[in-house]
Amino acid sequence: MTPSFSSWSQLAGLRVLLLDDGQRRSPLIRMELIRLRCQLVEVLDSADELGAALTRQAPELLIIDSAAPSPALLGAVAATQQAQRRPVLLLAEDADGDTMRAALKADIALLGVLPLQPQKLGALLELTLVRFEHDQGLRQELQRARHQLAERKDVERAKGILMREHGLDEDAAYQRLRRLAMDGGLTLGSMAQRLIEAQSLLKP
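Everything numeric in this text was worked out from a predicted model, so none of it was measured.

Asks: Explanation requested: the pairing of strand β2 (residues 39-44) in the structure shown.
Replies: If a strand is regular, its side chains alternate between the two faces of the sheet. Relative to β2, strand β1 (residues 15-21) is paired through 5 bridges, and the arrangement is parallel. Paired with V16 across the strands is L40, a residue of β2. The β-α-β motif built from β1, the intervening helix α1 (residues 26-35) and the parallel element β2 has right-handed crossover chirality.

Asks: Is there a simple way to explain unusual backbone geometry in this structure?
Replies: Both trends apply: most residues other than glycine have a negative phi, and most peptide bonds are in trans. Unusually for a residue other than glycine, R37 sits at a positive phi of about 65°. Assignment of secondary structure puts R37 in the loop between α1 and β2. Positive phi, normally seen in glycine, also occurs at A58, with a value near 50°. Here A58 is to be found in the loop between α2 (50-57) and β3 (61-66). Judged by relative accessible area, A58 falls into the partly exposed class, the value being 47%.

Asks: What is the right way to look at the packing of α2 against helix α3 (residues 71-83) in this model?
Replies: Between two packed helices, the angle of one axis relative to the other and the distance separating the axes together describe the packing. Following both chains from N to C, one finds α2 and α3 inclined at 35°, their axes separated by 10 Å at the closest point. In terms of crossing hand, the pair formed by α2 and α3 is right-handed. Along the contact surface, α2 presents L50, G51 and L54, while α3 presents A76, V77 and T80. Looking at the contact of α2 with α3 residue by residue, the classes come out as 4 nonpolar, 2 polar and no charged.

Asks: I keep staring at the sheet that holds β2 and nothing clicks. Help me out?
Replies: Sheets are built from strands that pair by backbone hydrogen bonding, the pairs being arranged parallel or antiparallel. Here 5 strands make up an open sheet; going across it, the order is β2-β1-β3-β4-β5 and the pairing parallel. Each having just a single partner strand, β2 and β5 (110-112) make up the two edges of the open sheet. On average, each strand axis in the sheet is inclined to that of its neighbour by 20°, with strand direction left out of account. For strand β4 (residues 88-92) and β5, the ladder comprises 3 bridges, and the chain directions are parallel. In the strand pairing of β5, L90 is matched with L111. Helix α5 (residues 121-166) contacts β3, β4 and β5 of the sheet and is inclined by roughly 135° relative to β4.

Asks: How should I be thinking about the packing of α5 against helix α6 (residues 170-184) in this particular structure?
Replies: Interhelical geometry of α5 versus α6 gives an angle of 110° and a closest axis separation of 9 Å. Between α5 and α6, the angle falls in the class roughly perpendicular. Across the interface between the two elements, V155, E156, A158, K159, L162, M163 and H166 from α5 touch E170, A173, Y174, R176 and L177 from α6. Class assignment for the residues of the contact of α5 with α6 results in 7 nonpolar, 1 polar and 4 charged.

What counts as what
- Residues numbered from 1 in each chain as written.
- Predicted model: local features only at pLDDT ≥ 70, side-chain atom pairs only at ≥ 80, totals over all residues.
- Heavy atoms only, no water.
- Pairing = 2+ DSSP bridges.
- Helix = DSSP H or I, 4+ residues; strand = E, 2+ residues; numbered from the N terminus.
- Right-handed = clockwise from strand over helix to strand, strands pointing away.
- Buried < 20%, exposed > 50% of the residue type's maximum accessible area, 1.4 Å probe, protein only.
- Axes fitted to C-alpha atoms, helices over the stretch in contact; angles between N-to-C directions.
- Left-handed = near helix turned anticlockwise from the far one by under 90°.
- Contact = heavy atoms within 4.5 Å.
- Nonpolar A, V, L, I, M, F, W, Y, C, P; charged D, E, K, R; others polar.
- Parallel < 35°, antiparallel > 145°, perpendicular 65-115°, else oblique.

In structure tokens, the structure reads:
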């Protein structure tokens, strides 16, 4: 179940890393994070340090405060997200359509393009966390669907092997595969994969 972030108390103790990309508004953000009882673990002034800081501090959320996010900045974020996904809130004063698309490709959970209003930071943090959890759920569903599709393909291939090698019809081949899986304490997909691998090793 997706956790609820419906009150500021849910943000208490949240480990936050801030990248101040030339805006110099970190004192405002710092004070609001204190009010929200978040834990600001570090403030960076360059994306060059981002990867090392994320590894060192292991924050639960990254805030980027930038007037106009550059391709280099978004590229640096994308690289860190590939290594380990985490919620990212980008506060940008100016963001055109290309920047928004690049932010999405960089796996940024939320993009705020209005002038910063510190009193609204808590709501933006909550939205970022909820959006991240939602996206994580979608990714897991997609991964399960892909796994199930691959498993069905393996089962079909394994049935074909049994039909050719033992002269079985499709239903009998399925029952044979199912029995082999049960006897081996394996799932149908795992048994199918083993049969396919064994067949490939026996090929001349």
